[in-house]
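Notes for the structure review
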Amino acid sequence: MKSSLLFIILFFVTIGMTKAQNTAEWTSPMYEVNFKADTGEEAKMEIDKGYRYADLDYEGRKFHLFYNGNFNRIKQARIFEPKSKLQIARGKGSYFWGNARFEFVDGEVYKLKRKNNSNGYEIIGPYGTLFKVENHAISPVKPINEKDFLTQAFFVFERVKVTQSNPTDVMIVYSSYYPL
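Attention in this report is confined to the structure presented alongside it. Since we're looking at a predicted model, the values are computed, not measured.

1. Focus on the overall build of the protein
When you go through the protein residue by residue, the secondary structure sums to 2 helices and 12 strands. Secondary structure elements in the protein, listed N-terminal to C-terminal, are α-β-β-β-β-β-β-β-β-β-β-β-β-α. By the burial criterion, 31% of the 180 residues in the protein qualify as buried. Partitioning the contacts of the protein with sequence separation of at least 6, the portion at a separation of at least 24 is 32%. Of the accessible surface of the protein, which amounts to about 12100 Å², a share of 57% is contributed by carbon and sulfur atoms.

Rendered as C-alpha cells:
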C-alpha cells in the first residue's frame with residue numbers, strides 16, 4: 001500500500017516536472033532604445049545588458065549589430081540579418097589612417113571620417129553627416145536611405161556602449177585571445 005501510494009505521488013511529480021521544463025523559454029534582459037527612422041516609422045533597438053550586441057527592428061526586418069571579439073574598432077564592426085544568417089555590412093580600416101568604411105554585401109562602400117570638436121564629434125559619410133554628438137549627447141541627423149540608417153544605428157549602439165558601464169549583476173568574461 002505504501003509503495004503504490006509513493007509510486008502514484010512520484011508519477012504525478014515527474015509529469016509536473018516534465019511539463020514545467022517544456023514551457024521554459026530563455027530570454028536575456030535587454031535595454032530598449034526607440035528612435036524614428038527616415039520613413040517616420042519607429043525603429044526599436046534592444047541592447048544586451050552587457051553591451052556586447054544590439055538587435056534592431058526596422059520596417060519589419062531585424063538586424064544584429066556587434067563588434068567581432070567585442071573590440072571597439074571600426075574594423076571589428078558587423079551587421080547581420082539573423083533570419084538568413086547573412087552579413088549585411090562589415091567595418092574596415094581605421095579613422096587614424098583615414099580609410100574607415102562600411103562595406104555592404106551589394107558592393108557599396110561607405111567611406112567614413114570622424115571629425116572631432118571640443119564637445120563631441122561627428123561621423124561624416126558619403127552623403128554628409130551620418131552621426132553627431134554635441135555637448136556629449138546624440139544629436140538627431142536624418143538618414144537618406146536604409147544603409148545610412150543602419151550605419152547610424154550602429155553608431156548609436158557604439159555610443160551607448162562607450163558611455164555606459166556594465167551593471168553589477170551581469171558577469172562579463174574577457175579573453176586574451178585576439179584573432180588577427
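2. A closer look at the environment of Gln87
Tracing the backbone shows Gln87 in strand E6 (residues 86-92). Residues Gln87 and His64, 23 residues apart in the sequence, show an inter-C-alpha distance of 9.3 Å. Residues contacting Gln87, with those up to four places away along its chain left out, are Arg78, Ile79, Phe80 and Val105.

3. A word on the sheet that holds strand E11 (residues 128-134)
Two modes of strand pairing occur in sheets, parallel and antiparallel, and in both the strands are linked by backbone hydrogen bonds. The strand order across the open sheet formed by 4 strands is E9-E10-E11-E12, and the pairing between neighbours is antiparallel. Strands at the two margins of the open sheet, each flanked by one partner only, are strand E9 (113-117) and strand E12 (137-139). Pairwise comparison of adjacent strand axes, ignoring direction, gives a mean angle of 20 degrees for this sheet. Here E9 runs beside strand E10 (residues 120-125); their pairing, made up of 5 bridges, is antiparallel. Within E10, the residue paired with Arg114 across the bridge is Ile123. Against the sheet, helix H2 (residues 146-163) touches E10, E11 and E12, its axis set at about 20 degrees to E11.

4. Let's talk about the environment of Lys147
As for its placement among the helices and strands, Lys147 is situated in helix H2. Accessibility expressed as a relative area gives 17% for Lys147, which makes it buried. For Lys147 and Ile88, which are 59 residues apart along the polypeptide, the C-alpha to C-alpha distance reads 9.5 Å. Beyond its immediate stretch of four places on either side in the chain, Lys147 contacts Phe104, Asp106, Glu108 and Tyr110. One polar contact links Lys147 to Glu108, side chain to side chain, over a distance of 2.8 Å.

5. Brief notes about the nonpolar core
The biggest cluster of nonpolar side chains holds 34 residues, and the ones touching the most others in it are Met45, Leu56, Leu65, Ile79, Phe102, Leu112 and Phe154. Ranked by the residues each element gives to this core, the list is headed by H2, at 8 residues. Not counting the four nearest positions on each side in its chain, Leu56 is found in contact with Phe35, Ala43, Lys44, Met45, Arg61, Lys62, Phe63, Leu65, Phe149, Leu150 and Ala153.

6. Re unusual backbone geometry
One non-glycine residue, Glu59, adopts positive backbone phi at about 50 degrees. Considering the arrangement of structural elements, one finds Glu59 in the loop between strand E3 (53-58) and strand E4 (61-67). Taking the relative accessible area as the measure of exposure, Glu59 reaches 35% and is therefore partly exposed.

7. Some thoughts on the sheet that holds strand E8 (residues 109-111)
Strand order in the open sheet made by the 8 strands is E1-E2-E3-E4-E5-E6-E7-E8, with antiparallel pairing throughout. Each edge of the open sheet is held by one strand with a lone partner, namely strand E1 (30-36) and E8. Shown here is a sheet whose adjacent strand axes are inclined to one another by a mean of 20 degrees, direction ignored. Sheet analysis places strand E5 (residues 77-81) next to E6, joined by 4 bridges and oriented antiparallel. Of the residues in E6, the one forming a bridge with Glu81 is Leu86. Along the sheet, H2 contacts E1, strand E2 (42-48), E3, E4, E5, E6, strand E7 (101-104) and E8; its crossing angle with E4, the most-contacted strand, is approximately 45 degrees.

Conventions and cut-offs
- Throughout, a residue's number is its position along its own chain's written sequence, starting from 1.
- Thresholds applied to this predicted model are a pLDDT of at least 70 for local features of residues and 80 or more for the giving and counting of side-chain atom pairs; totals over whole chains, interfaces and linings are not thresholded and use all residues.
- For the side-chain quantities, the full set of heavy atoms in the structure was used; hydrogens and water were omitted.
- Note on conventions: DSSP H or I runs of at least 4 residues are helices, E runs of at least 2 residues are strands, and numbering of each starts at the N terminus.
- For the exposure calls, accessible area comes from a 1.4 Å probe over protein chains only, and a residue counts as buried if that area is under 20% of its type's maximum, exposed if over 50%, partly exposed in between.
- Two residues qualify as a contact provided that any one of their heavy atoms is within 4.5 Å of a heavy atom in the partner residue.
- Each accessible area is a Shrake-Rupley estimate made with a 1.4 Å probe; only the visible protein chains count as cover when residues are assessed.
- Strands are treated as partners if at least two bridges between them are detected by DSSP.
- Axis lines are fitted to C-alpha atoms, over the contacting stretch for helices. Their N-to-C directions set the angle, which ranges from 0 to 180 degrees.
- Any N or O atom pair separated by 3.5 Å or less is treated as a polar contact, with the protein-specific requirement of one donor-capable and one acceptor-capable atom, and with residues adjacent in sequence counted only for side-chain atom pairs.
- The criterion is simple. A nonpolar core is a set of buried Ala, Val, Leu, Ile, Met, Phe, Trp, Tyr and Cys residues joined through side-chain atoms within 4.5 Å.

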